[in-house]
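Now for the letters of each chain:
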Amino acid sequence: MTSAIDRRSLLAGALGGAAALGLAACGAPALSVPDRAATGTARGGGTMRIARPAASAAETLDPASSLSAYEYLGAIYNRVVRLDRNGETVPDLATDWSLNADATVWDFRLRSGVRFHDGRALTARDVRYTFQHILDPEVASPQAGTLSLIESIDAVDPTTVRFRLSTPNAEFPSLLTAYQCYVIPEDSADTIGSTGIGTGPFVLDSYTPAGAGAVRANEDYFDGRATLDRIEFFSIQDTSARVNALLSRQVDLLSQTNLDNPTARVVANSLGTTVATVPNAQWYTIPMLATSEEFADPLMRRAMKLAYDPQAVLATALQGTGTPGWDNPVPPQLSAFLEYEREYDPDQARAILKQLGREDFTTRIHTSAYEPNFTAIATAYAAQAAQAGIDLRITNEAADSYYTQIWMARPLMVSYWFTGRPVDQLLNQIFRSGSSYNESAWSNPQFDQLLDAARADTTEATRRQKYQDAQRLVIDDGAAMTPVFGDRLVGLSEDVVNYDEYGFEFDYLALGLTEG
Amino acid sequence: MLRMIAVRLATSVVTLLLASFFVFFAVQALPGDVAEQLLGQNATPEAVAALRDTLDLDTNVWARYLNWIAAAFTGDFGTSLVSGEAVSSIVWTAFSHSLLIAVPAIVVGITLSLLIGILTGARRGTATDSGLSVLALVAMSIPEFVVATVLVLTLAIAIPVFPAVVLRGPDATVGDLLPAVVLPAATLVIAMAAYVIRAMRSSTVDGLTTEYATTAALKGVPRRRVLWRHVAPTAVLPVLPVISINVAWLFGGVVVVESVFNYPGLGTLMIESVSNRDLPVLQAIAVLSALVYVTVNLVADLLALVADPRQRTLHQRHRRRTPAQAPAPAQEVPR
């Protein structure tokens, strides 16, 4: 299982070494990356070429599916609502919404005059169909579990949709912002996977699963025409091949690719290409399996947290490109974020181990080349833990079976998610007892009750307080550590302007190319 | 000679069966099945169960293997578990793309290497010889993905003459692929050349010291003519197996090189199928690769027979002698 040196890290190392030599030779400072991509006036029109890693040849344009071709979705579809930068729910196809007194009935009013790409008008029936499709057990949508509280959906009139919920949920609209919730036309389940007929700013031109495809600007998009004329998508599986495509100017942007630090230096220092930052886009976690013998005891988990300083992990593993996590899974940009820095005290961690009779505690921490920063984070964490007398052996696993064999199976490993889940979904999906995404298998009745109480609370301020109390519980008692939120380092051409991405939101409308 | 071919063909069928058997059960032994691999982090128990059901993965392993064999004998290699397309068309497309790199690499690479081998052999001990030999050794010891990366850095990024990657994947037309063929083919030539050069060099050196070469030289045949007419044709024979192994290696699609160039050939298809556990595609690739190895080796042996009359006569004499040498048990039985 343990691999010696894989080709990718060797290559990255070689590239990084070359870059470092180059830097040393001209005495240049360390990697500095612009905080935000270039903004400015784009020339009208143009074709942007985007390289992406395709999931597999089984990918589909059906947004509800777990095998959806992610990059296309935001270009060709709209949702009822979407998230803004602070994690607040804002209008997309719906203009406004209202709820009854106990937050069990929600009415969404849709924009009028919106048309699908085939000319049909968008109505409430399409929205109803979209969510029935997501909840269809045969589709096995990843969002079905989160939305299972929906009891019934009615198209009240052409522009009003009514959701009845089985349990109160004052945060319900935020659950409709997931990227599985893009609205598709009524009765299109059998064809949507290849036709991609939506209401979005771009119309599908061509599409091959795990191959190339293109979209063109939707001339009568309700929110104005897109800046670009056309976007071409290309699948490139190998990360270094994707970077080569950018460096040789065959593509303009690498999507879903977090460049490791040495590669980012090469891209930033090459002629015509640059690196943009998506702040805190990668949420790194170290789940301690609460059902394992090692970490069943909350006191043991506390020692594992006290033992390390997230700032040190950030500085060494990510060279500072991110934010220390302090074991709070909620990213700091969300308005529901709780400002709470737990203690860092390796001596106390050592004392706890002694109290538990585990002075010479040793176990494996599993990592993989699945994501470029996993091993750096595992190494940095292990170095910190060593100061409290915890001996962690770093174990490298095969990338292709990391999430099927190691994840949720081994006591200690490094994992990650994209940030972008609204706070209610984040806490319920990944930390609630029994959720299928609960990667640390943590179960705390008090936490579950807090989430229920928050959902039933229709007063904004007190509801937020409850979500913050829930965060405190995750930090103090939870079984998952959040050492850092990493910035995503995105490689792009210097010709690209107005690239804007956060969470699962990507601004395809303003994205453009500079003059010339 | 006909009997030899028949025996070789029979062994080939056994080889193919063994290859398919080992690949099938090796993939079974890999952790995770196609359903889990495709779903990854979204592999909730319900989703995995639904996908397994659709793909009919719960049938008995042996039953699935026997079904596969039965269908394969009728030329039906099934459909990909991932894309749902016919395996034969996927694999043929990829194989034809790989040929597009392999054929130029073979033609250019083999010709060049043989020439350089003869040249260095004929000039043993000179600066040309040691220079080229060292170069060949260096090329041999650099892994091909490093060669590929260096070629991309110089000829695609620094001086953008050739494309660094193929953008259109399996949909790429021959027109799209032609400019993209140059760098991978060059990489393969560099990776392969050293073996052929070294074999050809020592074979030429041996050839030049034979009695017939000396006789020809003493007879007054010019040195150049001795080399090209008398030595070179015979000296190629021992190099044929080296060439055939390299040709088979190239036809099988070179995984790492194709992946660096995002080249939609057999190697790339193989990586994808392994990481997705797409068994039908992998099986077809295994059978095809085994077939290529068997055929290329057979062709090399036949070529040697054609080029070297000694091998033919050896065979015949051996066969003729057999009945004479064998004891005749019938006569010893008392009547």
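Worth saying up front: this structure is predicted, and the values here are computed from it rather than measured.

A. Region of the structure containing the environment of Ala290(B). All names here are of chain B. Tracing the chain through its elements places Ala-290 in helix 14 (residues 279-307). The class for Ala-290 is buried, based on a relative accessible area of 11%. In the structure, Ala-290 is positioned 274 residues away from Leu-16 in sequence and 6.0 Å away in space, judged by C-alpha atoms. Those residues in contact with Ala-290 that lie beyond four places of it in its chain are Leu-16 and Ala-19.

B. Geometry of the layout of surface pockets. Of the pockets and cavities examined, the second largest pocket occupies roughly 540 Å³. What lines the second largest pocket is a set of 30 residues, and nearest its centre among them are Ala144(A), Gly145(A), Thr146(A), Ser148(A) and Ser435(A). Elements that contribute at least two residues to the lining of the second largest pocket include exactly helix 13 (423-431) and helix 14 (445-456) of chain A together with helix 3 (45-55) of chain B. The greatest single-element share of the lining of the second largest pocket, amounting to four residues, is contributed by helix 13 of chain A.

C. Representation of the interface of chain B and chain A. At the junction of the two partners, chain B supplies 36 residues and chain A supplies 37 residues. Summing both partners gives a buried area of about 3,100 Å² for chain B against chain A, and 61% of it is carried by carbon and sulfur. When the buried area of chain B at its contact with chain A is split by residue, Gln41(B), Asn42(B) and Leu167(B) rank highest and sum to 22% of it. Put simply, chain B and chain A have one salt bridge between them. For the salt bridge of Arg277(B) with Asp400(A), the shortest nitrogen-to-oxygen distance reads 3.0 Å. Counting across the interface, chain B meets chain A through eight residue pairs in polar contact (both at pLDDT 80 or more). Elements with a minimum of two residues in the side of chain B that touches chain A: helix 2 (34-39), helix 3, helix 7 (144-158), helix 12 (255-260) and helix 13 (266-276) of chain B.

D. Spatial organisation of unusual backbone geometry. Residue and element names in this part refer to chain A. Here Asp-187, not a glycine, exhibits a phi torsion of approximately 60°, which is positive. One can find Asp-187 in the loop between helix 4 (172-175) and helix 5 (192-195). Look at Asp-187 and you get exposed, because its relative accessible area is 64%. With phi around 65°, Asp-327 is a residue other than glycine that occupies positive phi space. If you trace the backbone, Asp-327 turns up in the loop between strand 13 (322-324) and helix 10 (346-355).

E. Seen up close, the side chain of Gln283(B). All names here are of chain B. Mapped onto the elements, Gln-283 comes out in helix 14. The buried category is assigned to Gln-283, whose relative accessible area is 0%. Dropping the residues within four chain positions of it, Gln-283 is found in contact with Ser-20, Val-23, Phe-24, Tyr-65 and Trp-68.

F. Up close: the packing of aromatic side chains. Residues and elements named next belong to chain A. This model, assessed by the stated rule, comprises 45 aromatic pairs over all chains. With centroids separated by 6.0 Å and ring planes inclined at 65°, the aromatic side chains of Trp-407 and Trp-417 adopt a geometry described as edge-to-face. With a gap of ten residues between them, Trp-407 in the loop between helix 12 (402-406) and strand 16 (415-418) and Trp-417 in strand 16 connect regions that are remote in the sequence. Across from the ring centre of Tyr-308, 4.9 Å away, lies the NZ or CZ of Arg-342, which sits over that ring.

G. Quick peek at the sheet that holds strand 6 (residues 150-157) of chain A. Residue and element names in this part refer to chain A. Strand order in the open sheet made by the four strands is 4-5-7-6, with antiparallel pairing throughout. In this open sheet, the two edge strands, each paired with only one partner strand, are strand 4 (94-99) and strand 6. Strand after strand, the sheet turns through a mean of 20° between neighbouring axes, direction not considered. The sheet contact formed by strand 4 and strand 5 (residues 105-110) spans five bridges and is antiparallel. Looking at strand 5, one finds that Trp-97 is bridged to Phe-108. Sheet strands in contact with helix 3 (residues 124-135) are strand 5, strand 6 and strand 7 (160-165), and its direction is about 165° off that of strand 6.

H. Structural context of a nonpolar patch on the surface. Among the surface-exposed residues, Val103(B), Val107(B), Val108(B) and Leu112(B) lie close enough to one another that they form a single nonpolar patch of about 320 Å² accessible area. With respect to the helices, strands and loops of the structure, Leu112(B) is situated in helix 5 (residues 87-122).

I. Expanded view of the pattern of salt bridges. For the structure shown, the criterion picks out 32 salt bridges over all chains. Salt-bridge contacts for Asp205(A) lead to Arg216(A); the nearest nitrogen and oxygen are separated by 2.5 Å. Of this pair, Asp205(A) sits in strand 8 (residues 202-207) while Arg216(A) sits in strand 9 (residues 213-217); the two residues are eleven residues apart in sequence, bridging distant segments of the chain. Given a relative accessible area of 39%, Arg216(A) falls into the partly exposed group. For Arg8(B), the salt bridge is made with Asp301(B), and the minimal N-O distance between the two is 2.4 Å. Taken together, the residues span a long stretch of sequence, with Arg8(B) in helix 1 (residues 2-29) and Asp301(B) in helix 14 at a distance of 293 residues. Taking the relative accessible area as the measure of exposure, Arg8(B) reaches 27% and is therefore partly exposed. You can call Asp301(B) partly exposed: its relative accessible area is 32%.

J. Inspection of the side chain of Arg52(A) at higher detail. Residue and element names in this part refer to chain A. Here Arg-52 lies in strand 1 (residues 47-52). The exposure class assigned to Arg-52 is buried, which follows from its relative accessible area of 1%. Separated by 2.5 Å, the side chains of Arg-52 and Glu-59 make a polar contact. Within the local environment of Arg-52, its side chain forms a polar contact with the side chain of Glu-71, the two groups lying 3.3 Å apart. Among residues more than four places away in sequence, those in contact with Arg-52 are Glu-59, Ala-69, Glu-71, Tyr-72, Phe-233, Phe-234, Ser-235, Ile-236, Arg-242 and Ser-255.

K. Structural context of the confidence of the model for chain A. Per-residue pLDDT for chain A averages 91, and the proportion of residues at 70 or more is 93%. Residue range residues 1-29 of chain A is modelled with pLDDT below 50. Its contacts to residues more than four positions away, or to other chains, number 30 contacts.

L. Fine view of the packing of helix 11 (residues 240-251) of chain B against helix 14 of chain B. All names here are of chain B. Between helix 11 and helix 14, the least distance of the axes is 9 Å, while the angle of their chain directions is 155°. By the angle between their directions, the pair helix 11 and helix 14 is classed as roughly antiparallel. Considering the relative orientation of helix 11 and helix 14, their crossing is right-handed. The segment helix 11 lies against helix 14, with Leu-240, Ser-244, Ile-245, Val-247, Ala-248, Trp-249 and Phe-251 engaging Val-292, Tyr-293, Val-296, Asn-297, Ala-300, Leu-303 and Ala-304. Considered class by class, the residues forming the contact of helix 11 with helix 14 number twelve nonpolar, two polar and no charged.

M. Region of interest: the pairing of strand 15 (residues 391-397) of chain A. Residues and elements named next belong to chain A. Of the pairings in the sheet, the one linking strand 14 (residues 362-368) to strand 15 comprises seven bridges and is parallel in character. Looking across to strand 15, one finds that His-366 is bridged to Thr-395. Regarding the hand of the β-α-β motif, the stretch spanning strand 14, helix 11 (residues 374-386) and strand 15 is right-handed.

Calculation notes
Residues numbered from 1 in each chain as written. Chains lettered and ligands numbered in written order. Predicted model: local features only at pLDDT ≥ 70, side-chain atom pairs only at ≥ 80, totals over all residues. Heavy atoms only, no water. Helix = DSSP H or I, 4+ residues; strand = E, 2+ residues; numbered from the N terminus. Buried < 20%, exposed > 50% of the residue type's maximum accessible area, 1.4 Å probe, protein only. Contact = heavy atoms within 4.5 Å. 1 Å grid on protein atoms, 1.4 Å probe; cavity = no way out; pocket = protein on both sides within 12 Å on 5 of 7 lines; lining within 4 Å. Points joined across faces, edges and corners; volume = space filled by probe spheres on them. Buried area = accessible area lost by both parts, 1.4 Å probe. Salt bridge = Lys/Arg side-chain N within 4 Å of Asp/Glu carboxyl O. Polar contact = N/O pair within 3.5 Å; in protein donor to acceptor, adjacent residues only side chain to side chain. Phe/Tyr/Trp six-rings, centres within 6.5 Å; stacked < 30°, edge-to-face > 60°. Lys NZ or Arg CZ within 6 Å of the ring centre and 35° of its normal. Pairing = 2+ DSSP bridges. Axes fitted to C-alpha atoms, helices over the stretch in contact; angles between N-to-C directions. Patch = residues over 30% accessible without salt bridge, like charges linked within 9 Å, V, L, I, M, F, W, Y side chains within 5 Å. Areas by Shrake-Rupley, 256 points an atom, 1.4 Å probe, with all protein chains shown as cover. pLDDT = per-residue confidence, 0-100. Parallel < 35°, antiparallel > 145°, perpendicular 65-115°, else oblique. Left-handed = near helix turned anticlockwise from the far one by under 90°. Nonpolar A, V, L, I, M, F, W, Y, C, P; charged D, E, K, R; others polar. Right-handed = clockwise from strand over helix to strand, strands pointing away.

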